[in-house]
Amino acid sequence: MAAGSFRRSIASQLSKVLDLPPENLIKSISAVPVSKKRHVADFQLSIASVIENSSGDCLAQDLHLQAQQLAGRLKCDSVVSAISAGPGTVNFTINRELLAKTVLQQVWKDGSEYGVKSELFSTVPSQKAVIEFSSPNIAKKFHIGHLRSTIVGNFIANLKVALGHEVVRINYLGDWGMQFGLLGVGFQSFGNKEKLKSSPLQHLFEVYVQINKAAENENTKKLAKDFFRKLEEHDEQALSIWKQFRDLSIEEYIRIYKRLGVHFDEYSGESFYQEKAQEVLKMLEDKGLLQKTMYELIQSVGALYLTSQLHFKQDKMGELAVTSVFPSTSRKGTGVVDLSEKKDLSAVSTVMRSDGTSLYITRDLAAAIDRMNKHSWDTMIYVTDKSQSNHFQHLFQILKLMGYDWAERCQHVSFGLVQGMKTRRGEVIFLEDVLNEVRSRMLQNMTATKTTKEIQDPVETAEKVGLAALIVQDFRGLLASDYQFSWDRALQSRGDTGVFLQYTHARLHSLEQMHGNAELADVNVACLQEPDAISVLQHLLRYDEVLYRSSQDLQPKHIVSYLLTLSHLAAVAHKTLPVKGSAPDVAQVRHSGLGGGLGRIHQGFSVSPLREYEPAGRGAEGQALPWAEPLWEGRDGCSQLCLPERAALLDPPKTQHSLRTAAPDPVKHLVVTFPSKCFKSKHLSI
């Protein structure tokens, strides 16, 4: 790692002055973020991180004075060309030619592993991680509320894999409960097998709405309870219907996940842990952790009081005393686990219904234990919204009480709510509505753009770019924060948006296609000393630190912010440092620098859930515009397709045939316009 070699060189000199081991200084030396307004050094050392007895009360002027004193004791060498003191920091500027040569060589040498091999990860052991995310309820369409869990969980899984860890992706489905008794009865009354095959989740949703209306009838409620009882008793007919619902739901989910670029190693669910949940209850009882409660009616002053906070017990004097504890214990009633520090039942978690059946948390306990037995994981991560924080606190506490020390290695990654996400028809309910909406809006933006470029599949392009727009807007802030969604802001082609990120990736990819991906050899780095080029190189130095930070707090914002900044820097460099038309040695080194930027953007895509758009061809100046639509509809159903200069390479008869088969049905006439020098006849009629 380029940054690593520079850190080690700086740490070596610092260790002699500060009398500290170099390895103790490595993580205190960080790459300086690029500034648009002013020139910055390449690395800096925070004085507060290395001086003894440093505290928050230390005055800023004292830190600055110590920084000046330390800077004065250090000397420039073949690696460091300048040393200066800042507000509590010592700043180091690397020899410019060495910076360019080292960074470019490391980028091309490490390829997709650039940043991963950094010494920052040297103390991080390879681990096996189980990640549970998405987890929709079967027999229901994929709700928009599951989008964040899906993309956040996918990000964490991708990041772990990129850093060399083994990952098991689990989709823990909501596939059990009384609602399936209601749905089973509903399908028997309102179901249609043909509709179930053609549009399973939509039809089941319609059935569920109908049966919920009918559930006001006591007879319907009884039938639903009977159906669910049959499920629990493993009745073949009831299980067959339930299994059909589950299988069809998973097929539909896989189709949606494919659009999102998400996959799972294991589809699990609550139904898997019905029997194991009873084993968990038995374990809790054997360990003396399970207590049963009941509500008592106490008659006092002629009134009935329903209380769960009083119970009677006989004290040592034989007198009847009333004790203020939470629930009274009894052989009947709900089952709870006492989580209070004083064991006074002031904080409990309910794990069993009064009829002895398990609850969601009981099945989660069984699932956690089963996953450890099956996968022997080092860490297990649950990705859900922040409203479930208490649930997971209770889950981890109960596991610890049961004697499972590995509960400390369980983690809940929570996220906030998305507000204001609506389609043109109103409030969004289903995820597929959102995906279709973003694709439609992106296609509309593409059509409205004046610039026309060659795109093989505009619909797929709109899908990828639109999805990037959704994800980048979601990942720009802290996960725990709620945020206000805006279609206009998300789909802007400029600024910190997914559209701009895809655009930059496409431009750099086209540049690579045009000039090739040659090995870096004998590049004249003296030709890469312009300020805009140096800014790109400085930003590439920070990549391992960004990866490390995201690996520690599992926040995607660090990587997304890095990619957006890199995109802006690359866009400026692409404009001010043109490859086309430059002298061969200058073009080569500029192409290498921009190619390094492309590699990091591509690497960032592989870590995040973004699916990159790679243009199949190039338009003018080698700049592929991912939202440019080659086909637009004119008046009277006449459509026009403009082809670029590359059309001269096409075979006219084959072109005519392919365009005829691709023409949309409503189009009455299609005029294909070629550059005049391509063929003797300027038009092909279709």
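Residues numbered from 1 in each chain as written. Predicted model: local features only at pLDDT ≥ 70, side-chain atom pairs only at ≥ 80, totals over all residues. Heavy atoms only, no water.

*Asks:* Just checking my understanding: could you explain the overall build of the protein chain for this structure?
*Replies:* On a plain count of helices and strands, the protein chain comes out with 21 helices and 25 strands. Here the protein chain, with 686 residues, has 51% of them falling under the buried criterion. Counting only contacts in the protein chain whose residues sit at least 6 apart along the sequence, the fraction spanning at least 24 positions is 70%. For the protein chain, the computed accessible surface area is about 33800 Å², with 49% contributed by carbon and sulfur atoms. (Helix = DSSP H or I, 4+ residues; strand = E, 2+ residues; numbered from the N terminus. Buried < 20%, exposed > 50% of the residue type's maximum accessible area, 1.4 Å probe, protein only. Contact = heavy atoms within 4.5 Å. Areas by Shrake-Rupley, 256 points an atom, 1.4 Å probe, with all protein chains shown as cover.)

*Asks:* What should I look at first to understand unusual backbone geometry in this one?
*Replies:* The bulk of non-glycine residues show a negative phi, and the bulk of peptide bonds are trans. Despite not being glycine, A139 has its phi angle at roughly 65°, a positive value. Structurally, A139 is set in the loop between strand 5 (128–132) and helix 4 (147–162).

*Asks:* Is there a simple way to explain the nonpolar core in this structure?
*Replies:* The tendency in soluble globular proteins is for nonpolar side chains to be buried as a group. The biggest cluster of nonpolar side chains holds 129 residues, and the ones touching the most others in it are F43 and F92. Here this core takes ten residues from helix 9 (residues 236–260), the largest share from any one element. One finds L281, L365, A368 and C410 within the second-largest nonpolar core, a separate group that totals 34 residues. (Core = buried A, V, L, I, M, F, W, Y, C linked by side-chain atoms within 4.5 Å.)

*Asks:* What am I meant to see in helix 3 (residues 96–110) here?
*Replies:* Because an α-helix completes one turn every 3.6 residues, residues spaced three or four positions apart along the sequence face the same direction. The end-to-end C-alpha distance of helix 3, which contains 15 residues, comes to 21 Å, matching closely the 21 Å that a straight helix rising 1.5 Å per residue would cover. Turning to helix 3, its buried residues are R96, L99, A100, T102, V103, L104, Q106, V107 and D110. Looking at where helix 3 begins, the residue whose side-chain oxygen comes 3.1 Å from the main-chain nitrogen of E97 is N95. At the C-terminal side of helix 3, G111 shows a positive phi close to 60°. (Expected span 1.5 Å × (residues − 1). Polar contact = N/O pair within 3.5 Å; in protein donor to acceptor, adjacent residues only side chain to side chain.)

*Asks:* Can you walk me through the sheet that holds strand 3 (residues 80–86) in this structure?
*Replies:* Strands in a sheet are paired, the pairing made by backbone hydrogen bonds, and the direction either parallel or antiparallel. A sheet is described by the order of its strands in space; here four strands give the open sequence 1-2-4-3, paired in antiparallel fashion. The open sheet has two edge strands, strand 1 (29–31) and strand 3, and neither has a second partner. Looking at each pair of strands side by side, their axes are set apart by 25° on average, direction ignored. As paired strands, strand 2 (residues 43–46) and strand 4 (residues 89–94) are joined by four bridges and run antiparallel to one another. When the bridges of strand 4 are listed, L45 appears paired with V90. (Pairing = 2+ DSSP bridges. Axes fitted to C-alpha atoms, helices over the stretch in contact; angles between N-to-C directions.)

*Asks:* Even after reading the chapter, I still don't get the packing of aromatic side chains, so can you show me in this structure?
*Replies:* What describes a pair of aromatic rings is the distance from one ring centre to the other and the angle between the planes of the rings. Within the structure shown, the criterion is met by 20 aromatic pairs. Measuring from centroid to centroid gives 4.9 Å for Y257 and F264, while their planes differ by 65°, and the two rings are edge-to-face. Taken individually, Y257 and F264 each receive the classification buried, so the pair is uniform in this respect. Ring geometry for W377 against W406: centres 5.2 Å apart, planes inclined by 80°, an arrangement best described as edge-to-face. In this pair, W377 sits in the loop between helix 11 (360–375) and strand 16 (379–385) while W406 sits in the loop between helix 12 (389–401) and strand 17 (410–415), placing the two residues 29 residues apart along the sequence. By relative accessible area, W377 is classed as buried at 1%. One residue, R371, lies across the ring of Y172, its end atom 5.2 Å from the ring centre. (Phe/Tyr/Trp six-rings, centres within 6.5 Å; stacked < 30°, edge-to-face > 60°. Lys NZ or Arg CZ within 6 Å of the ring centre and 35° of its normal.)

*Asks:* Looking at this structure, how should I read the packing of helix 18 (residues 543–553) against helix 19 (residues 557–576)?
*Replies:* Packed helices, taken two at a time, are described by their axes: the angle between them and the distance between them. Closest axis-to-axis distance for the helix 18/helix 19 pair is 8 Å, and the angle between their directions is 155°. The orientation of helix 18 with respect to helix 19, classified from their angle, is roughly antiparallel. Across the interface between the two elements, Y543, V546, L547, R549, S550 and D553 from helix 18 touch H558, I559 and Y562 from helix 19. Looking at side-chain class alone, the contact of helix 18 with helix 19 contains five nonpolar, two polar and two charged residues. (Parallel < 35°, antiparallel > 145°, perpendicular 65-115°, else oblique. Nonpolar A, V, L, I, M, F, W, Y, C, P; charged D, E, K, R; others polar.)

*Asks:* What should I look at first to understand the sheet that holds strand 17 in this one?
*Replies:* Reading across the sheet, the five strands line up as 7-6-5-16-17 and stay open at both edges, with parallel pairing between neighbours. The sheet is open, and its two edges are formed by strand 7 (266–269) and strand 17, each paired on a single side. Across this sheet, the average inter-strand angle for adjacent strands is 25°, counted without regard to direction. In terms of strand pairing, strand 5 meets strand 16 through four bridges, oriented parallel. Across the sheet, residue V130 finds its bridge partner in strand 16, namely M380. Docked against the sheet, helix 9 engages strand 6 (166–173) and strand 7, running at close to 135° with respect to strand 7. Each of strand 5, strand 6, strand 7 and strand 16 touches helix 11; the most contacted strand, strand 6, lies at about 155° to it.

*Asks:* Got a minute to help me understand the pairing of strand 15 (residues 348–352) in this structure?
*Replies:* The side chains of a regular strand alternate, first on one face of the sheet and then on the other. Extensive coverage of strand 15 is indicated by the burial of four of its five residues. Both strand 14 (residues 335–338) and strand 15 contribute to a ladder of four bridges, which runs antiparallel. From the neighbouring strand, V337 faces strand 15, where its bridge partner is S349.

*Asks:* Sorry if this is basic, but what is going on with the pairing of strand 2 here?
*Replies:* The alternating pattern of strand 2 places F43 and L45 on a buried face, while none of Q44 and S46, on the opposite face, is buried. In this sheet, strand 2 lies alongside strand 1 in antiparallel orientation, the contact comprising three bridges. Within strand 2, the position partnered with I29 by the bridge is L45.

*Asks:* Whenever I open this one, the pattern of salt bridges confuses me. Can you help?
*Replies:* Any two side chains of opposite charge can pair, given that their charged atoms come close. If you walk through the whole model with that rule in mind, you get 27 salt bridges. In this structure, R96 engages D42 in a salt bridge whose closest nitrogen and oxygen atoms are separated by 2.8 Å. Placement of R96 in helix 3 and of D42 in the loop between strand 1 and strand 2 is noted, with a sequence separation of 54 residues between them. Residues R96 and D42 agree in their burial class; the two are buried. Of the charged contacts in the structure, one is a salt bridge between R259 and E463, with a shortest N-O distance of 2.7 Å. Remark: E463 occurs in helix 14 (residues 458–475) and R259 occurs in helix 9; sequence separation between them is 204 residues. The two residues R259 and E463 agree in class, both being buried. Among the charged side chains, a salt-bridge network with shared partners connects E252, R255, R259, E432, R439 and E463. (Salt bridge = Lys/Arg side-chain N within 4 Å of Asp/Glu carboxyl O.)

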